[in-house]
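Remarks on the overall topology
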Amino acid sequence: TMRKLRLEFNALDGQATRRELLLGFSNITTDAFDYGYEAKNTDNNHDDLNLLLDGEFMSIQSYGEITDDKVVPLALKTSGNNSYSIKLTEVDNIAEDQEVYLRDNLTDMYFNLRQDIAYTFTSEAGEFNERFEIVFNGESLSTEEVTANNNTVIYYNNNIIN
């Protein structure tokens, strides 16, 4: 059975952009090229998000089974200082308790894609093939990482005035 995730990338300002990516996982496909299970992205958009396979931009890609250590790299291309979103729009044949995170290596954030809201971010112009990854294990999130990323400052004042 093929397990599927569909991601949607949108430009929130700047040039109108929308890209859907389809990721398939099964025990008959691999993380390498699988004939008939991949689709290369031949578009040349100003802003785009792609899957990466051997340096090629893909819009559909198959992988082996989902494992805790699997990492799916995403390639971001942006035309200017704009805002964008990435959202998980479809989950097919994947257990409800299977975690799916977007890791933003620029901000060191892990975003839970299964919470039915989009991850929004800004980017300067350029091509960024190492900024975003899809990962499947929240166990690897240490307490320090979670605490550091929720932007909460706790201030303890020992000088109590009566």
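It should be noted that the structure appears before, not after, this text.
Calculation notes
- Residues numbered from 1 in each chain as written.
- Predicted model: local features only at pLDDT ≥ 70, side-chain atom pairs only at ≥ 80, totals over all residues.
- Heavy atoms only, no water.
- Helix = DSSP H or I, 4+ residues; strand = E, 2+ residues; numbered from the N terminus.
- Buried < 20%, exposed > 50% of the residue type's maximum accessible area, 1.4 Å probe, protein only.
- Contact = heavy atoms within 4.5 Å.
- Areas by Shrake-Rupley, 256 points an atom, 1.4 Å probe, with all protein chains shown as cover.
- Pairing = 2+ DSSP bridges.
- Polar contact = N/O pair within 3.5 Å; in protein donor to acceptor, adjacent residues only side chain to side chain.
- Core = buried A, V, L, I, M, F, W, Y, C linked by side-chain atoms within 4.5 Å.

Observations concerning the overall build of the chain
Helix and strand content of the chain: 1 helix and 11 strands. Starting at the N terminus and walking to the C terminus, you meet the elements of the chain as β-β-β-β-β-β-β-β-β-β-β-α. Counting the 162 residues in the chain, one finds 42% classified as buried. Here the analysis covers contacts within the chain between residues at least 6 apart in sequence; of these, 69% occur between residues at least 24 apart. Put simply, the chain shows about 9600 Å² of open surface, and 46% of that area lies on carbon and sulfur atoms.

Some details on the pairing of strand E4 (residues 48–53)
The buried count for E4 comes to 6 of 6 residues, which makes it a mostly enclosed element. The two faces of E4 match: Asp-48, Asn-50 and Leu-52 on one face and Leu-49, Leu-51 and Leu-53 on the other face are all buried. Two strands pair when backbone bridges link them, and E4 and strand E6 (residues 71–78) are joined in this way by 4 bridges, in the antiparallel orientation. Bridge pairing links Leu-51 to Leu-74 in E6. For E4 and strand E5 (residues 56–63), the ladder comprises 3 bridges, and the chain directions are antiparallel. Note that in E5 the partner of Leu-51 across the bridge is Met-58. Counted between consecutive antiparallel strands, the loop separating E4 from E5 contains 2 residues, among which Asp-54 sits at a positive phi close to 50 degrees.

A few points about the side chain of Glu-133
With respect to the secondary-structure elements, Glu-133 resides in strand E11 (residues 126–135). Overall, the relative accessible area of 16% leaves Glu-133 in the buried class. A polar contact is formed between the side chain of Glu-133 and the side chain of Arg-103, at a distance of 2.3 Å. Of note is the side chain of Glu-133, whose polar atom sits 3.4 Å from the side chain of Asn-105.

A short note on unusual backbone geometry
You will see that Asn-93, though not glycine, has its phi angle at about 65 degrees, which is positive. Secondary-structure assignment places Asn-93 in the loop between strand E7 (82–92) and strand E8 (101–104). Positive phi values are uncommon outside glycine, yet Asp-108 reaches one of about 60 degrees. Mapped onto the secondary structure, Asp-108 falls in the loop between E8 and strand E9 (109–112).

Let's talk about the nonpolar core
Leu-23, Leu-74, Leu-102 and Ile-134 are the most contacted members of the largest nonpolar core, which has 29 residues in total. Broken down by secondary-structure element, the contributors of at least two residues to this core are strand E1 (3–11), strand E2 (18–25), E4, E5, E6, E7, strand E10 (119–123) and E11. Looking at this core element by element, the count peaks at 4 residues for E1. Sequence-distant contacts of Ile-134, defined by excluding residues within four places in its chain, comprise Leu-7, Lys-70, Val-71, Val-72, Leu-74, Val-100, Tyr-101, Leu-102 and Leu-113.

Section: the environment of Ser-83
Relative to the assigned elements, Ser-83 resides in strand E7. What Ser-83 contacts, discounting residues up to four positions off in sequence, is Asn-10, Ala-11, Leu-12, Asp-13, Phe-121 and Thr-122.

The values reported here are purely geometric and, on their own, carry no functional implication.
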